[in-house]
Amino acid sequence: MKPKRPAGPRLGELLETRGRVQRDILHEALRHQRASGGRIGTCLLELEKIGEDDLLHVLSDQLKVPFTPPEDLRSLPEEIVKLIPEKVARQRFSIPLRRSSTHLTVAMRDPTDLIALDELAFVT
């Protein structure tokens, strides 16, 4: 099943609007995508037309989820990490970041993965 595209502007449009890529670069990436498959962001990275941080920040805005820099994942307290069973965290590419009395903030590879979100809600 193909993931549902987020409502709102497409990633390429956002990248162009924000001055991260020019239209001709975007067209080059789209040609690459048609030939090789994959997602447009991945194609731009493969062609070395955008930096990973730029891409991640725009994706964060598109999906309306906060961006978590990798360095924030390196020093998490053990009591937070253990809030999600290791097997589930690995399978769902997720890691708990912080908790409050009513919420658990989780970093995920794909925050639109509803199956992963359901499983994480169940195990926590």
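What comes next concerns the included structure. The structure displayed is predicted, hence computed values, not measured ones. Counting from 1, residues in each chain are numbered in the order their sequence is written. Local features in a predicted model are, by the rule used here, given only for residues with pLDDT of at least 70; side-chain atom pairs are given and counted only at 80 or more, and totals for whole chains, interfaces and linings are based on all residues. Side-chain figures throughout are based on the complete set of non-hydrogen atoms in the structure, without hydrogens or water.

**Considerations on the packing of aromatic side chains**
Part 1 of the reasoning: Each Phe, Tyr or Trp ring, with Trp reduced to its six-membered ring, pairs with another whose centre is within 6.5 Å; inter-plane angles below 30 degrees give stacked pairs, above 60 give edge-to-face pairs, and intermediate values give tilted ones. The tally for this structure, following the rule as stated, stands at zero aromatic pairs.
Part 2 of the reasoning: Sitting above the plane of the Phe-93 ring, Arg-109 keeps its charged end 3.7 Å from the centroid. Only lysine NZ and arginine CZ atoms are considered, and such an atom sits over a ring when it is within 6 Å of the ring centre and within 35 degrees of the ring normal.

**A look at the pattern of salt bridges**
Part 1 of the reasoning: Salt bridges are defined by distance alone: a side-chain nitrogen of Lys or Arg within 4 Å of a carboxyl oxygen of Asp or Glu. Scanning all chains against the criterion turns up six salt bridges.
Part 2 of the reasoning: The residue Glu-16 makes a salt bridge to Arg-23 at a minimum N-O spacing of 3.2 Å.
Part 3 of the reasoning: One salt bridge in this structure joins Asp-54 and Arg-20, with 3.6 Å as the shortest N-O distance. Taken together, the residues Asp-54 in helix α4 (residues 52-63) and Arg-20 in the loop between α1 (11-17) and α2 (23-36) connect sequence positions 34 residues apart. Secondary structure elements are defined from DSSP: runs of H or I of at least 4 residues count as helices, runs of E of at least 2 residues count as strands, and each element is numbered from the N terminus.

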